[in-house]
Amino acid sequence: MTIKTVSTTPYDDQKMGTAGLRKKSKVVMQENYVENFVQSIFNVIGDAKGKVYVLGGDGRFYNDIAIQKIIKIAAANGVSKLIIGRNGYVSTPAASHIILMNKLDGGFVLSASHNPGGINGDFGIKYANQSGGQAPSQISDKIYQESKNIREYKIYESEDIDLSELGTQKLGDMTIEVIDPVKDYAAMMEQIFDFNALRQLFAKGFRMKFDAMNAVTGPYAVKIFEEMLGAEKGSVINAKPLPDFGGLHPDPNLVYAKELINIMNGKDAPDFGAANDGDGDRNMILGQNFFVSPSDSLAIITDNYALIPAYKDGIFGVARSAATSTAVCRVGAARNLPCYEVPTGWKYFVNLMDSKRITFCGEESFGTGSSHIREKDGIWAVLFWLSIIAATGKSVAEITKAHWQKYGRTYYIRNDYEGVPTEVADKLMADLEAKLPTLKGKSFGAYTVSEAAPFIYNDPVDGSSTKNGLIIKFANDSRIIYRLSGTGSSGATIRVYNEQYKKDDLTGDSAEVLKPLAALAAEIAEITLRTGKTKADVTT
Ligand code: VG1
Ligand code: CO
């Protein structure tokens, strides 16, 4: 066994987006693609001696190949130890927990999250640092620069490492510890929530369905909901992680979690439904024939913090991405909690959590979490909802409607226009930005523009400034936000977020209520004219 130095040619597209590097599987499968990217990270880290990282993925196609490459490159670069989930599996939230619990230097999660997998799907690598969260742009930019100039990488020449058995082995001087990726995570959940109360809930006959979408959360969910809490066997569906997710698009929303939606809207529906995405950081919450919008979920969780043992003595504050509805800030205002607004991407919450400015945070894209880790956490959100149900004895729909009664309702819809040529999307955004100053004071029927500007975030901790999206606010408590996706693997996706707050009028249908605003949003940005699309490809 020896360390080999291999000469390589740089790729020019290894820029991390909203959440790590995300590409078509076939792009990642190109010669030395993973090697270049990972070596670039180690070059930026500098001396890896004494450093320890967690490694694993959501089990998608190429997980098994990429993980072996990373192990061998880490060993050749002098890493002291890798902690790896058995069979190469670890969820994004569990990886964050492993980093924090063991005070590691960071980690690698092999996942393209909610994007489809397989040879024609997507692959990705999320890189976290010692904060437990994904590296901030200042670091990922350096890695990108490095990747454009890389000329060689170091790799250990050896047989593949067997990751199927728990225990410790060596590759040269590097220690490899294969761990059960579920155990410590489940123990943390038991610390946060009142598992006895949840066991009583299921003992009384409460029924749930959790859709793991054939991705990484299956083993976590079976362990926690069925084995520890006593939900009936079969409560977790699509529980076995598969390399192609069984053909599913592991994005937990009304469009892609079809099987679960049908169960929850069908005869004899269980009391509660939930789904997670590929790497276990997103969640969708459902009642019988009832959908909780992620923005409402964050607000409801915040309003109920005192029901949970870990938060009962108080929380510091809350935060949402700018695109997420303002619902949580109304709870913040009522309860004297600061409410921060950050760019899209969980990494922007990390400084706020580290500096004890916030405890809870969330995104409209089905992400909810707290400072127990530095990633969003799908199973945590599900346990939170189950705890609210156990404590109040109310159904999902009753809890949500009571929340609207108390605070009013923030109607919310996101329209995605996918596969738009990059130049078209970039021009649309640039022209729209240029037009914003002319919109102020203008009326479009019932909608009078009160503010129109790019969203700029000044991080109160590290002083960095980030521009992300364009916001138009109207005098009638409604907003439109436009931004380009940073997680796609081909072309551009234009996301248009629409929201309208109503103090009364609580029982409408979101799509109906927001129809005029969504039409106005498309008109202002000239979506049809520029993209040829007469309607959104996906609405969530
Ligand atoms: C999307 C979501 C964003 C989320 C990100 C990563 O990014 O909008 O809220 O943080 O995915 O989610 P974008 O740039 O495509 O809008 V995950 O589950 O990949 O970590
Ligand atoms: Co994800």
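This text goes with the structure placed above it.
From a predicted model like this one, the values you see are computed outputs, not experimental measurements. (Residues numbered from 1 in each chain as written. Chains lettered and ligands numbered in written order. Predicted model: local features only at pLDDT ≥ 70, side-chain atom pairs only at ≥ 80, totals over all residues. Heavy atoms only, no water.)

This paragraph deals with the site of ligand 1. Around ligand 1, the surrounding shell holds 21 residues, and the nearest of these are T18, S113, K126, G486 and T487. Residue S485 places a side-chain N or O atom 2.6 Å away from an oxygen atom belonging to ligand 1. Side-chain polar atom of T487 to an oxygen atom of ligand 1: 2.5 Å apart, as the coordinates give it. For the shell around ligand 1, a count of residues per class yields one nonpolar, nine polar and 11 charged. (Near = heavy atom within 4 Å. Polar contact = N/O pair within 3.5 Å; in protein donor to acceptor, adjacent residues only side chain to side chain. Nonpolar A, V, L, I, M, F, W, Y, C, P; charged D, E, K, R; others polar.)

Here the focus is the side chain of H372. Along the polypeptide, H372 turns up in the loop between β18 (367–370) and α13 (378–392). Side-chain polar atoms of H372 contact the side chain of S370, separated by 2.7 Å. Here D377 takes part through its side chain, which lies 2.9 Å from a polar atom of the side chain of H372. Non-local contacts of H372, meaning those with residues more than four positions away in its chain, are made with L100, M188, M189, I192, Y311, D377 and W380. (Helix = DSSP H or I, 4+ residues; strand = E, 2+ residues; numbered from the N terminus. Contact = heavy atoms within 4.5 Å.)

Now for helix α9 (residues 258–265). For α9, every residue scored as buried is listed here: L260, I261 and M264. What you see down the axis of α9 is that its buried residues fit within an arc of 100°, all on one side. Projecting away from the buried face of α9 at angles above 90 degrees are the exposed residues K258 and N262. Contact partners of the buried residues in α9: β10 (208–211), β12 (272–276) and β13 (283–287). (Buried < 20%, exposed > 50% of the residue type's maximum accessible area, 1.4 Å probe, protein only. Arc of directions from axis to C-beta.)

Another aspect to go through is the nonpolar core. I224, F225, F272, L383 and L386 are the most contacted members of the largest nonpolar core, which has 73 residues in total. Top element by residues in this core is α13. It accounts for 10 residues. Counting 41 residues, the second-largest nonpolar core is a separate cluster that includes Y53, Y62, I73 and Y153. (Core = buried A, V, L, I, M, F, W, Y, C linked by side-chain atoms within 4.5 Å.)

In any sheet, the strands associate via hydrogen bonds between backbone groups, in a parallel or an antiparallel arrangement. Strand order in this open sheet of four strands is β16-β15-β17-β18, and the pairing throughout is mixed. Each edge of the open sheet is held by one strand with a lone partner, namely β16 (339–342) and β18. Going from strand to strand, the sheet's axes swing by 15° on average, the running direction of each strand aside. As judged from the four bridges shared by strand β17 (residues 360–363) and β18, these two strands associate in the antiparallel manner. Each bridged residue has a counterpart across the sheet, and for G362 the counterpart in β18 is T368. (Pairing = 2+ DSSP bridges. Axes fitted to C-alpha atoms, helices over the stretch in contact; angles between N-to-C directions.)

A few words on the packing of helix α2 (residues 33–45) against helix α5 (residues 137–149). Direction vectors running N to C along α2 and α5 enclose 120°, while the axes themselves pass 8 Å from each other. Here α2 is positioned oblique relative to α5, judged by the angle of their axes. The handedness of the crossing between α2 and α5 is right-handed. Between α2 and α5, the residues in contact are F37, S40, I41, N43 and V44 and K142, I143, E146 and S147, respectively. (Parallel < 35°, antiparallel > 145°, perpendicular 65-115°, else oblique. Left-handed = near helix turned anticlockwise from the far one by under 90°.)

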